[in-house]
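What follows is the residue order along each chain.
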Amino acid sequence: MEKKQRKRRNKIMMMAPEQYVEQFENASYQEILKVKNELISEISKFEHDYDMVDSDWNICPKPDARYQWNLEALGLIASILSKAFNREYEWGEKAMEEYGGEMRNFYGNNEV
């Protein structure tokens, strides 16, 4: 991880997972999906490298604290991701475009 990314990640980890996740309350499904994937990547990296010695492990917060933080944030982001999916794909414009198209195909090219 580059120094710039590491500094940004350390600043984020200074806040509580709840505060971090709150900033995505109104984000798009795709934006939240990207955050979820980043958290999973960090979790997987820790789980894979847990027993390996790494010079990055001399940083603060320590990797095990980062791991716990990422797990907590992932649990919280899942709920927001679900809401965004429902908002955009189940109840929102994307759902209406899809279902509207299906209804037009069913009824012909007439307005539905």
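Note on numbering: residues in each chain are counted from 1, in written sequence order. The predicted nature of this model means local features are confined to residues of pLDDT at least 70 and side-chain atom pairs, given and counted, to a pLDDT of 80 or more, with totals for whole chains, interfaces and linings taken over all residues. Side-chain metrics in this entry use all non-hydrogen atoms of the structure; hydrogen atoms and water are not considered.

### Some words on the overall build of the chain
Then, number 1: Each helix and strand in the chain was counted, giving five helices and zero strands.
Then, number 2: For the chain, the sequential pattern of α-helices and β-strands runs α-α-α-α-α.
Then, number 3: Buried residues in the chain amount to 30% of all 112 residues.
Then, number 4: Restricting the contact set of the chain to residue pairs at least 6 apart, pairs at least 24 apart contribute 74%. Numbering of helices and strands starts at the N terminus; helices are DSSP runs of H or I of at least 4 residues and strands are runs of E of at least 2. Each residue is assigned to one of three classes by its accessible area relative to the maximum for its type, calculated with a 1.4 Å probe on protein chains only: buried under 20%, partly exposed between the two thresholds, exposed over 50%. By definition, residues are in contact when any of their heavy atoms lie within 4.5 Å.

### Here we look at helix 4 (residues 63-90)
An α-helical turn contains 3.6 residues, so a residue and the one three or four places further along point in the same direction.
Then, number 1: Helix span is expected to be 1.5 Å times the residue number reduced by one. When the terminal C-alpha atoms of helix 4 are compared, their 38 Å separation across 28 residues agrees well with the 40 Å that a helix rising 1.5 Å per residue should span.
Then, number 2: Among the residues of helix 4, those classed as buried are Pro-63, Arg-66, Tyr-67, Trp-69, Asn-70, Ala-73, Ile-77, Ile-80, Leu-81, Ala-84 and Glu-88.

### As for the packing of aromatic side chains
Then, number 1: Aromatic pairing here means that ring centres of Phe, Tyr or Trp (its six-membered ring) are within 6.5 Å. Orientation follows from the plane angle: under 30 degrees is stacked, over 60 is edge-to-face, and everything else is tilted. Applying the stated criterion to the full structure yields six aromatic pairs.
Then, number 2: By the ring-pair criterion, three or more aromatic residues cluster together here, those being Tyr-20, Phe-24 and Trp-69.

### Here we look at the nonpolar core
Then, number 1: Counting 15 residues, the largest nonpolar core has Tyr-20, Phe-24, Ile-32 and Ile-77 as the members making the most contacts within it.
Then, number 2: Mapped onto this core, the elements with two or more residues apiece are helix 2 (17-22), helix 3 (29-49) and helix 4.
Then, number 3: No other element matches helix 4, which puts six residues into this core. The nonpolar core is taken to be a set of buried Ala, Val, Leu, Ile, Met, Phe, Trp, Tyr and Cys residues, with the residues joined through side-chain atoms within 4.5 Å.

### Describing the pattern of salt bridges
Then, number 1: Here a salt bridge means any side-chain nitrogen of Lys or Arg lying within 4 Å of a carboxyl oxygen belonging to Asp or Glu. This structure, assessed with the given rule, holds two salt bridges.
Then, number 2: The closest approach of N and O atoms between Lys-45 and Asp-49, which form a salt bridge, is 3.4 Å. Pair noted here: Lys-45 and Asp-49 are both in helix 3, with a separation of four residues, about one helical turn.
Then, number 3: Among the residues examined, Lys-45 registers a relative accessible area of 44% and is labelled partly exposed.
Then, number 4: Here Arg-87 makes a salt bridge to Glu-88, at a shortest N to O gap of 4.0 Å.

### Points about the environment of His-48
Then, number 1: Among the secondary structure elements, His-48 is positioned in helix 3.
Then, number 2: Take His-48: its relative accessible area is 60%, and that puts it in the exposed class.
Then, number 3: Among the polar contacts made by the side chain of His-48, one reaches the side chain of Asp-49 at a distance of 2.8 Å. N or O atoms within 3.5 Å of each other form a polar contact, as long as, within protein, one can give a hydrogen and the other can take it, and as long as residues adjacent in sequence are counted only when both atoms are side-chain atoms.

### Quick look at a negative patch on the surface
Then, number 1: Patch membership requires more than 30% relative accessible area and the absence of a salt bridge. Residues of like charge join within 9 Å; the nonpolar side chains Val, Leu, Ile, Met, Phe, Trp and Tyr join within 5 Å. Areas reported as accessible are Shrake-Rupley estimates using a 1.4 Å probe. Residue values count occlusion only from the protein chains shown. Within this scheme the basic residues Lys and Arg register as positive and the acidic residues Asp and Glu register as negative, but His and the chain ends are omitted. To locate a charge, take NZ of a lysine, CZ of an arginine, CG of an aspartate or CD of a glutamate. A grouping of Glu-18, Glu-22, Glu-25 and Glu-72 is seen on the molecular surface, where their side chains present a negatively charged patch.
Then, number 2: Topologically, Glu-25 is positioned in the loop between helix 2 and helix 3.

### A few points about helix 3
Then, number 1: With 21 residues, helix 3 should reach 30 Å at 1.5 Å per residue; the first-to-last C-alpha distance of 30 Å fits that figure.
Then, number 2: For helix 3, the set of buried residues is Tyr-29, Ile-32, Leu-33, Val-35, Leu-39, Ile-43, Phe-46 and Asp-49.

### Let's talk about the packing of helix 3 against helix 4
Then, number 1: The geometry of helix 3 relative to helix 4 is characterised by a closest axis approach of 8 Å and an angle of 155° between their N-to-C directions. As far as their axial angle goes, helix 4 and helix 3 are roughly antiparallel. Crossing handedness for the pair helix 3 and helix 4: left-handed.
Then, number 2: As a working rule, the residues Ala, Val, Leu, Ile, Met, Phe, Trp, Tyr, Cys and Pro are called nonpolar, Asp, Glu, Lys and Arg charged, and the rest polar, with Gly in that last group. The class makeup of the residues in the contact of helix 3 with helix 4 is 20 nonpolar, two polar and five charged. Every angle, taken between N-to-C directions, lies between 0 and 180 degrees, and every axis is a line fitted to C-alpha atoms, over only the stretch in contact when it is a helix. In these notes the angle categories are as follows: under 35 degrees is roughly parallel, over 145 is roughly antiparallel, 65 to 115 is roughly perpendicular, and the rest is oblique. Left-handed describes a crossing whose near helix is turned anticlockwise from the far helix through less than a right angle; right-handed describes the clockwise counterpart.

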